[in-house]
Amino acid sequence: MDSVRYDGERARIPLALKILIAGGFGAGKTTLVSALSEVRPLQTEEVLTGAGVGTDDLSGVETKSTTTVAMDFGRITINEDLQVYLFGTPGQDRFWFLWDELAFGALGAVVLADTRRLADCFPSIDYFEQRGIPFVVGVNCFDGARRFSLETVRQALDLDPEVPLVLCDARDRQSGKLVLIELVEHVARQRGEPVPAA
Amino acid sequence: MRTESPGPQHEWLDGDAGPVVRPYTLTGGRVRSAVGGFDLVAFVLAEPGADLAAHPELQPEHRRLVELAGRPVPVAELAADLDLAVGVVRVLLGDLLARGVVAVHQPPRTAYLPDNDILKAVVSGLRAL
Ligand SMILES: Nc1nc2c(ncn2[C@@H]2O[C@H](COP(=O)(O)OP(=O)(O)O)[C@@H](O)[C@H]2O)c(=O)[nH]1
Ligand SMILES: [Mg+2]
């Protein structure tokens, strides 16, 4: 593959594709990343400091109290030259600045929707729409939740017709994998080059 | 949608925030590495001839990073493995890069737009899961 880079003669540097898993609190982001990841579900943390981000010099920050926000993180190896990294987004509005970093260079996103709290995923949808980042919506089917038709959910979310909307169970690897496939096919379609069915 | 920068820090300290910590003690208060931000999926690879004995000023965490980077490892994975915040790992990596002990391979600018062959490979790889 022409994407492969080499570090001198020594090692092949794989291509890493970044996919974001977004949605409201409790929508199943952590569950989905864990179900799909081949490594134990990892968390990476980012540090919030009183001075905020965008400040280069925080002299004295070591004595200021800071707090961390955890991001779920998982890996799927496609082949030795190609890896998919999943990043669960922090759920709160005040962490938007972390989203910008996560979204930078991302292939696309999965927005998880919980039909009991549909409005919780509006901010995620807005975020990706405004930045032109391709996304699909996965309706996570919680036990006991009333079943809505996909058409009803699509209308409630005011989704563009070309945005894929699929049912899923975030606990189930096969189900989660189908959501990711839907996303990659959507990315390809947006570029006018459909991926033929294998 | 709220896009303004986060408010005063006490607003962060609720159930969603992690424990209050002082993670930048390790970096002597530096929050930016000297050489700019490394992407979360930038791959880090130790230089084969790297001689850590020549750098007694480095911390144990620097040394762990070099060990882990014996194969190409992305920044986010290093942070998870070391249980350190990404921002801290970036500063430490900057120190290592400045000493020529590691190489950092930023993702290609077009990573978000891989060619169709790559997308096909991803789809068939996912189908095989
Ligand atoms: N029944 C059901 N429960 C789920 C599903 N996905 C997640 N859960 C549960 O819902 C809770 C919240 O999920 P979590 O992944 O932590 O949500 P997050 O806040 O988006 O990371 C957990 O107790 C999960 O076990 C699902 O598809 N079906
Ligand atoms: Mg979670």
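This one's a predicted model, so the numbers in the text were calculated from it and none came from an experiment.

Calculation notes
Residues numbered from 1 in each chain as written. Chains lettered and ligands numbered in written order. Predicted model: local features only at pLDDT ≥ 70, side-chain atom pairs only at ≥ 80, totals over all residues. Heavy atoms only, no water. Helix = DSSP H or I, 4+ residues; strand = E, 2+ residues; numbered from the N terminus. Buried < 20%, exposed > 50% of the residue type's maximum accessible area, 1.4 Å probe, protein only. Areas by Shrake-Rupley, 256 points an atom, 1.4 Å probe, with all protein chains shown as cover. Pairing = 2+ DSSP bridges. Right-handed = clockwise from strand over helix to strand, strands pointing away. Near = heavy atom within 4 Å. Polar contact = N/O pair within 3.5 Å; in protein donor to acceptor, adjacent residues only side chain to side chain. Nonpolar A, V, L, I, M, F, W, Y, C, P; charged D, E, K, R; others polar. Phe/Tyr/Trp six-rings, centres within 6.5 Å; stacked < 30°, edge-to-face > 60°. Lys NZ or Arg CZ within 6 Å of the ring centre and 35° of its normal.

Let's talk about the overall build of chain A
Line of reasoning, step 1. Helix and strand counts for chain A come out as 5 helices and 9 strands.
Line of reasoning, step 2. Starting at the N terminus and ending at the C terminus, chain A contains elements arranged as β-β-β-α-β-β-β-α-β-α-β-α-β-α.
Line of reasoning, step 3. Counting over 198 residues, chain A shows a buried share of 56%.
Line of reasoning, step 4. Surface accessibility of chain A: about 8300 Å² in total, with carbon and sulfur atoms responsible for 50%.

Looking at the sheet that holds strand 3 (residues 73-74) of chain B
Residue and element names in this part refer to chain B.
Line of reasoning, step 1. Overall, antiparallel pairing links the 3 strands, which are arranged 3-2-4 in an open sheet. In the strand order of this sheet, the two ends are held by strand 3 and strand 4 (102-105), each with one partner.
Line of reasoning, step 2. With 2 bridges joining them, strand 2 (residues 43-46) and strand 3 adopt antiparallel strand pairing. Along strand 3, the bridge assignment pairs Val-44 with Val-73.

Some details on the pairing of strand 9 (residues 165-168) of chain A
Residue and element names in this part refer to chain A.
Line of reasoning, step 1. Taken together, the 4 bridges between strand 8 (residues 135-140) and strand 9 define a ladder with parallel strand orientation. Within the sheet, the bridge partner assigned to Gly-138 lies in strand 9 and is Val-166.
Line of reasoning, step 2. A crossover links strand 8 with its parallel partner strand 9, the connecting element being helix 4 (residues 150-157), and its sense is right-handed.

Quick notes on unusual backbone geometry
Line of reasoning, step 1. For Asp158(A), which is not glycine, the phi torsion reads 55 degrees and is therefore positive.
Line of reasoning, step 2. Tracing the backbone shows Asp158(A) in the loop between helix 4 and strand 9.
Line of reasoning, step 3. Judged by its relative accessible area of 61%, Asp158(A) falls in the exposed class.
Line of reasoning, step 4. Of note, the phi angle at Asp83(B) is positive, near 55 degrees, even though the residue is not glycine.
Line of reasoning, step 5. Since its relative accessible area comes to 62%, Asp83(B) is described here as exposed.

Some details on the site of ligand 1
Residues and elements named next belong to chain A.
Line of reasoning, step 1. Gly-26, Lys-29, Thr-30, Thr-31 and Asn-140 are the nearest of the 15 residues found near ligand 1.
Line of reasoning, step 2. The separation between an oxygen atom of ligand 1 and a polar side-chain atom of Thr-31 is 2.5 Å.
Line of reasoning, step 3. Asp-169 has a polar side-chain atom sitting 3.0 Å from an oxygen atom of ligand 1.
Line of reasoning, step 4. With the chains in place, 71% of the 580 Å² that ligand 1 exposes on its own is no longer accessible.
Line of reasoning, step 5. In terms of residue count, the dominant contributor to the shell around ligand 1 is helix 1 (residues 29-36) (3 residues).
Line of reasoning, step 6. In the shell around ligand 1, the residues fall into 5 nonpolar, 6 polar and 4 charged.

Description of the packing of aromatic side chains
Residues and elements named next belong to chain A.
Line of reasoning, step 1. Applying the stated criterion across every chain, the model contains 6 aromatic pairs over all chains.
Line of reasoning, step 2. The interplanar angle of 10 degrees and the centroid separation of 5.8 Å between the aromatic rings of Phe-73 and Tyr-85 together place this pair among those described as stacked. Here Phe-73 is found in strand 5 (residues 66-79), whereas its partner Tyr-85 is found in strand 6 (residues 82-88), with 12 residues between them in sequence.
Line of reasoning, step 3. For Phe-73, a relative accessible area of 1% gives the class buried.
Line of reasoning, step 4. For Tyr-85, a relative accessible area of 0% puts it in the buried group.
Line of reasoning, step 5. Three or more aromatic residues joined by ring pairs form one cluster here, namely Trp-99, Tyr-127, Phe-128 and Phe-135.
Line of reasoning, step 6. It is Arg-116 that lies over the ring of Phe-142; its NZ or CZ is 4.3 Å from the centre.
Line of reasoning, step 7. Looking at Arg-131, its charged tip hangs above the ring of Tyr-127, at a distance of 3.7 Å from the centre.

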